[in-house]
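Understanding the architecture of this molecule
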Amino acid sequence: QKEVEQNSGPLSVPEGAIASLNCTYSDRVSQSFFWYRQYSGKSPELIMSIYSNGDKEDGRFTAQLNKASQYVSLLIRDSQPSDSATYLCAVGNTGGGNKLTFGTGTQLKVEL
Amino acid sequence: GAGVSQSPSNKVTEKGKDVELRCDPISGHTALYWYRQSLGQGLEFLIYFQGNSAPDKSGLPSDRFSAERTGGSVSTLTIQRTQQEDSAVYLCASSLFQTGNTIYFGEGSWLTVV
């Protein structure tokens, strides 16, 4: 079982729709959770971080965390073609320091 | 500096040669990480530093890989006797040490072994 799992996609949504990206993790005591966006040929950039159960909103982005279900998601409202990228879920382990374990990413395509 | 700086940005090397990849983290960031990303794959953790020490080097794929950090700043990842399967983007990142702090990535060093 992979430590952080994501559907590889591609996930295709029409412009203006809500894109929903999902991630599950295996380490029950993980404490920090991140969503990174990666455009083709570029390095990952942080979109959202979340540390406690519930929702966290930032502009068009909402991160949702459910530690009991070991599940974290990212919602993108009013999706734009510029949102087309690979979205990486990352989980912070509890072994000290700040090492992140990444999923393999979900490719999102926002179609005109 | 303003961001994580990596060099070289691109490197083509012959199989069997040694390569060195350099990372200059964000000023004041005590933690430094190396990840590897093969084409179409996720990020694979290699090693992280807290200051000059490496508490976790569990991701280094073989003894051909080594890394060091001096002065709590610049880090060098060395790959000896490169193989074609070493071809990947090597990403360096840095953060403040405490768990939960944001990790910021450099633009990566694209390594091609021919």
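Just so we're clear, the structure is a prediction, and the values are computed from it rather than from any experiment.

Some thoughts on the sheet that holds strand 3 (residues 19-24) of chain B
Residue and element names in this part refer to chain B. Taken together, four strands build an open sheet; the order of strands is 1-3-8-7 and the sheet is antiparallel. Looking at strand neighbours, the two that pair on one side only are strand 1 (5-7) and strand 7 (65-69), the edges of this open sheet. Here the average twist between neighbouring strands, direction ignored, is 15°. Of the pairings in the sheet, the one linking strand 7 to strand 8 (residues 75-79) comprises five bridges and is antiparallel in character. When the bridges of strand 8 are listed, E68 appears paired with T76.

Concerning the state of the cysteines
All names here are of chain B. Tallied over the entire structure, the rule returns two disulfides over all chains. Through a disulfide, C23 is tied to C92; the S-S separation comes to 1.9 Å. One quick way to see it: the torsion about the S-S bond of C23 and C92 is about -70°, and its sign makes the bridge left-handed. Placement of the pair is C23 in strand 3 and C92 in strand 9 (residues 88-95), with a sequence separation of 69 residues. Judged by relative accessible area, which is 0%, C92 ranks as buried.

Here we look at the nonpolar core
Within the largest apolar cluster, 23 residues are counted, with the highest numbers of intra-cluster contacts made by F33(A), W35(A), V72(A), L74(A), I76(A), Y87(A) and L108(A). The set of elements that each furnish at least two residues to this core consists of strand 3 (19-25), strand 4 (32-38), strand 5 (45-50), strand 7 (61-66), strand 8 (71-76), strand 9 (85-92) and strand 11 (106-111) of chain A. For L74(A), the residues in contact, after removing those within four places along its chain, are A19(A), S20(A), L21(A), W35(A), M48(A), F61(A), T62(A), A63(A) and Y87(A). One finds I26(B), L32(B), L77(B) and C92(B) within the second-largest nonpolar core, a separate group that totals 19 residues.

Quick notes on the rules
- Residues numbered from 1 in each chain as written.
- Chains lettered and ligands numbered in written order.
- Predicted model: local features only at pLDDT ≥ 70, side-chain atom pairs only at ≥ 80, totals over all residues.
- Heavy atoms only, no water.
- Pairing = 2+ DSSP bridges.
- Helix = DSSP H or I, 4+ residues; strand = E, 2+ residues; numbered from the N terminus.
- Axes fitted to C-alpha atoms, helices over the stretch in contact; angles between N-to-C directions.
- Disulfide = S-S within 2.5 Å.
- Buried < 20%, exposed > 50% of the residue type's maximum accessible area, 1.4 Å probe, protein only.
- Core = buried A, V, L, I, M, F, W, Y, C linked by side-chain atoms within 4.5 Å.
- Contact = heavy atoms within 4.5 Å.

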